[in-house]
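One-letter residues, chain by chain:
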Amino acid sequence: MSLNARRALLKFLAASPVLAGLKASHVFADERALASAAEALDVFDLEAAAKRLVPPAHWGYLQSGVDGETTLRANQAAFSRYQLRARRFVDVSRVDLATQVLGTRLASPVMFCPIGSLRALHPEGEIAVARAAREKSALLMVSTGASFPIEDITAARGAPVWFQLYTTNRFEATKKLVKRAESAGCPVVLVTVDTPAGRNTVTALRMRRQDTRNCSACHTVDERGNPRLNLAAKPMFAGIDTKGLAYTLPSMTWDFIKRLKDITTMKVVIKGIEAREDAALAVEHGADGILVSNHGGRALESGRGTLESLPDVVAGAAGRIPVMMDGGVRRGTDVYKALALGASAVGIGRPYAWGLAAFGQAGAERVLEILNLELRLAMVGCGARSIAEVLPTTLIDTGARYTS
Ligand SMILES: Cc1cc2nc3c(=O)[nH]c(=O)nc-3n(C[C@H](O)[C@H](O)[C@H](O)COP(=O)(O)O)c2cc1C
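No experiment lies behind these values; they were computed from the predicted model shown.

Rules behind the numbers
Residues numbered from 1 in each chain as written. Predicted model: local features only at pLDDT ≥ 70, side-chain atom pairs only at ≥ 80, totals over all residues. Heavy atoms only, no water. Helix = DSSP H or I, 4+ residues; strand = E, 2+ residues; numbered from the N terminus. Rg over C-alpha atoms; globule rule 2.2 N^0.38 Å. Buried < 20%, exposed > 50% of the residue type's maximum accessible area, 1.4 Å probe, protein only. Contact = heavy atoms within 4.5 Å. Areas by Shrake-Rupley, 256 points an atom, 1.4 Å probe, with all protein chains shown as cover. Lys, Arg positive; Asp, Glu negative; His and termini not counted. Charge placed at Lys NZ, Arg CZ, Asp CG, Glu CD. Pairing = 2+ DSSP bridges. Arc of directions from axis to C-beta. Near = heavy atom within 4 Å. Polar contact = N/O pair within 3.5 Å; in protein donor to acceptor, adjacent residues only side chain to side chain. Nonpolar A, V, L, I, M, F, W, Y, C, P; charged D, E, K, R; others polar. Core = buried A, V, L, I, M, F, W, Y, C linked by side-chain atoms within 4.5 Å. Phe/Tyr/Trp six-rings, centres within 6.5 Å; stacked < 30°, edge-to-face > 60°. Salt bridge = Lys/Arg side-chain N within 4 Å of Asp/Glu carboxyl O.

Below, the discussion takes up the overall build of the protein chain. On a plain count of helices and strands, the protein chain comes out with 15 helices and 14 strands. Taken over the C-alpha trace, the protein chain has a radius of gyration of 21 Å; the compact-globule value for 404 residues is 22 Å, and the two agree within 12%. Oriented by its inertia axes, the alpha-carbon framework of the protein chain measures out at about 55 × 55 × 40 Å. Residue burial in the protein chain is summarised as follows: out of 404 residues, 53% are buried. The long-range share in the protein chain, meaning contacts at least 24 apart out of those at least 6 apart in sequence, stands at 72%. Carbon and sulfur atoms make up 53% of the accessible area of the protein chain, which totals about 17500 Å². Here the protein chain contributes 50 positively and 39 negatively charged side chains, and the mean placements of these two sets differ by 2 Å.

Rendered as structure tokens:
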């Protein structure tokens, strides 16, 4: 599509009622317009496309880190610390990305991480993502804060999904969430433990102020106009008394893992482990797996990039349970590096949300296509014909991060 045709399309879109209320400067902010998801060459093309469509408050929700966002930046920068060490004369005419984690077969090690309220980015939200996951045989983790019922998301995926659990401050309520996920066929529950007592999402709050829309139709708002978390509106909380209920339990300790294991047949993965000691404790307390994560730089400020936490955690787990990771993955080479450092599978958050916001199901699918293509090429270059052949000897730790 020519630049003029693109401009004409954007003008048309800008006049459409769908985008009414968005500032023109928002719509025309970037000339990297895409006519279709297929045009995206890397995930950043989809980020640019999404940014033009998503209202400021929701964009802030998606992009925000905490405080000054050094952890958020560290997640991506950590990948530049490692270089690939190419190997030659390996027959790479067939390269297989398939793998398996905790009994779930994946066409590629790239997984969709849980993101709450995806309908804030696209009307089809989690359903569109589930369809993309079905199309690409990808693993989907569904948030406690999903905007559609887990049963509908599972049906759209056409296979079991993994359920992400926010523990809540009342065990009875937590138990209902867990039992519902179990009945929906989830084989794995991921307990998120990285945000036990609040966080300071400065960018999200700042961008909320730039948004002139009235949010009270969809959100209850506090006295300053900031949206309030309304658990009663979340499908997962249907039938649960949400009065006085909070998302997290600041007093939670390791006993919780045993309590959880006692009430469910699902495998328990702890999402948000970053240190070797905690990895060893997770094994001791019966966890079936670990997802190394700092919530995409949305929890603790001034933390390590998750890729740098990964070897620490892998050492603590000592091969006893699988270790996965997420945070800052934007390239197939990032996926490769995480695998080479011991991850069994690698999660993405924002990139598929960009694809979803820009093009719905097709956008989320395109993100997987791009990352899988890039991963395949990294494997070819390093002589790995299968995920098992992605070896630590093909990585060089330079000890330094590069910012460009
Ligand atoms: C907008 C947004 C919402 C999120 N919601 C959840 C959630 O509900 N539960 C959860 O465990 N993690 C949540 N996460 C964290 C992701 O699961 C994942 O750990 C993170 O996005 C990975 O980093 P990346 O965005 O750099 O790929 C969220 C992340 C974002 C960006």
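A few words on the sheet that holds strand E6 (residues 162-165). Strand order in this open sheet of eight strands is E4-E13-E12-E11-E10-E7-E6-E5, and the pairing throughout is parallel. Each of the sheet's edge strands pairs with one partner strand only, and the pair in question is strand E4 (110-112) and strand E5 (141-142). With four bridges joining them, strand E10 (residues 267-273) and strand E11 (residues 289-292) adopt parallel strand pairing. The partner of valine 269 across the bridge, within E11, is glycine 289.

On to helix H9 (residues 202-210). Of all the positions in H9, only Ala204, Met207 and Arg208 are classed as buried. Buried residues of H9, seen end-on, are gathered within an arc of 110° and therefore sit on one face of the element. For H9, the exposed residues lying more than 90 degrees away from the buried face are Arg206 and Arg209. Buried residues belonging to H9 abut helix H4 (56-63) and strand E9 (227-228).

Next up on the list: the site of the ligand. In the region of the ligand, 23 residues are neighbours, and Pro114, Ser143, Thr192, Arg330 and Gly349 sit closest. One of the side-chain N or O atoms of aspartate 326 is found 2.9 Å from an oxygen atom in the ligand. Out of a free accessible area of 600 Å², the ligand has 98% covered by protein chains. At the level of secondary structure, the elements contributing two or more residues to the shell around the ligand comprise H4 and helix H14 (350-359). Residues of the shell around the ligand, tallied by class, amount to eight nonpolar, 10 polar and five charged.

General note: in soluble globular proteins, nonpolar side chains tend to be found buried as a group. Counting residues in hydrophobic clusters, the biggest one holds 103 residues, and the most contacted among them are Phe112 and Met325. For this core, the leading source of residues is helix H15 (residues 361-382), giving nine residues. Setting aside anything within four residues of it in sequence, one finds phenylalanine 112 in contact with Val129, Ala132, Ala133, Leu139, Leu140, Met141, Ile348, Tyr352, Ala364 and Leu368. Judged by nonpolar contacts, the second largest core, of 14 residues, contains Met111, Met141, Trp162 and Val269.

Counting across every chain of the model gives five aromatic pairs. Seen in terms of ring centroids, phenylalanine 44 and tryptophan 354 are 6.2 Å apart; in terms of plane orientation they differ by 45°. Their pairing is tilted. Taken as a pair, phenylalanine 44 in helix H3 (residues 43-53) and tryptophan 354 in helix H14 lie far apart in primary sequence, 310 residues in all. Taken together, a centroid distance of 6.1 Å and an interplanar angle of 80° make the contact between phenylalanine 171 and phenylalanine 256 edge-to-face. Of the two residues, phenylalanine 171 is situated in helix H8 (residues 171-183) and phenylalanine 256 in helix H10 (residues 255-263); the sequence distance between them amounts to 85 residues. Grouping aromatic residues by their ring pairs yields a cluster made of Tyr166, Phe237 and Tyr247.

What follows is about the environment of threonine 71. Structurally, threonine 71 is set in helix H5 (residues 70-77). You can call threonine 71 buried: its relative accessible area is 1%. Each C-alpha atom, one on threonine 71 and one on alanine 181, is 31 Å from the other, the two residues being 110 residues apart in sequence. Those residues in contact with threonine 71 that lie beyond four places of it in its chain are Asn294, Gly297, Leu300, Glu301, Ser302, Gly303 and Arg304. Looking at threonine 71, its side chain comes within polar contact range of the main-chain nitrogen of glycine 303, at 2.9 Å.

Inspection of the entire model under this criterion finds 14 salt bridges. Salt-bridge contacts for arginine 81 lead to glutamate 308; the nearest nitrogen and oxygen are separated by 3.2 Å. With arginine 81 in the loop between H5 and strand E1 (82-84) and glutamate 308 in helix H12 (residues 306-317), this pair connects stretches of sequence that are 227 residues apart. Overlapping salt bridges bring together Asp42, Arg331 and Glu374 as one network.

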